[in-house]
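Single-letter residue listing:
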Amino acid sequence: MLNNIGLPGLLLIAVIVLVLFGRGKVSSLMGEVGKGITAFKKGVHEGDKEADQQRVDQARDVTPEEAERKKV
């Protein structure tokens, strides 16, 4: 049903939204959407960094030479 909406249809929807809600309300809504997207990207990036750090920590723990030196 919505597969054939083209540029004219999207422009018509945008004009109707502007008329119904006004420019100020739409711009504040888009600002909030932008902040949400930024926060989501930041969270994903921090999660990736944390996962990478865990992999690095696990890779460091594979040195059996130090444990053998302490036993002898």
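Residues numbered from 1 in each chain as written. Predicted model: local features only at pLDDT ≥ 70, side-chain atom pairs only at ≥ 80, totals over all residues. Heavy atoms only, no water.

Peer 1: How should I be thinking about the overall build of the protein in this particular structure?
Peer 2: A count of helical and extended segments in the protein gives 3 helices and 0 strands. If you list the helices and strands of the protein from N to C, you get α-α-α. Burial analysis of the protein (72 residues in total) assigns 1% to the buried set. Of the roughly 7000 Å² of accessible surface on the protein, a fraction of 63% belongs to carbon and sulfur atoms. (Helix = DSSP H or I, 4+ residues; strand = E, 2+ residues; numbered from the N terminus. Buried < 20%, exposed > 50% of the residue type's maximum accessible area, 1.4 Å probe, protein only. Areas by Shrake-Rupley, 256 points an atom, 1.4 Å probe, with all protein chains shown as cover.)

Peer 1: Can you help me understand the confidence of the model for the protein in this one?
Peer 2: Low-confidence regions, as indicated by low pLDDT, have predicted coordinates that should not be scrutinised in detail. In this model, the protein carries an average pLDDT of 83, and 79% of its residues clear a pLDDT of 70 or more. Here helix H3 (residues 64-71) stands out as the least confident element of the protein, with mean pLDDT 62; helix H1 (residues 7-21) is the most confident, with 90. (pLDDT = per-residue confidence, 0-100.)

Peer 1: Explanation requested: the pattern of salt bridges in the structure shown.
Peer 2: Think of it this way: side chains of opposite charge can pair up when their charged atoms draw near. All told, the structure shown has 2 salt bridges when counted by the stated rule. Where Lys-35 meets Glu-32, a salt bridge forms, and the shortest distance between an N and an O atom there is 3.9 Å. Linking Lys-35 with Glu-32, this pair stays in helix H2 (residues 23-60), spanning 3 residues, or about one helical turn. (Salt bridge = Lys/Arg side-chain N within 4 Å of Asp/Glu carboxyl O.)

Peer 1: I keep staring at H1 and nothing clicks. Help me out?
Peer 2: Helical periodicity: at 3.6 residues per turn, an α-helix aligns residues three or four positions apart in one direction. If you check H1, its first and last C-alpha atoms are 21 Å apart, about what 15 residues at 1.5 Å a residue would give, namely 21 Å. For H1, the buried fraction is low: 0 of the 15 residues fall into the buried class. Among the residues trailing H1, Gly-22 stands out with phi positive, at a value near 90°. (Expected span 1.5 Å × (residues − 1).)

Peer 1: Explain a nonpolar patch on the surface to me, please; I cannot follow it from the model alone.
Peer 2: On the surface, a cluster of nonpolar side chains totalling about 760 Å² of accessible area is made up of Ile-5, Leu-10, Leu-12, Ile-13, Ile-16, Val-17, Leu-20 and Phe-21. Here Leu-12 shows up in helix H1. (Patch = residues over 30% accessible without salt bridge, like charges linked within 9 Å, V, L, I, M, F, W, Y side chains within 5 Å.)

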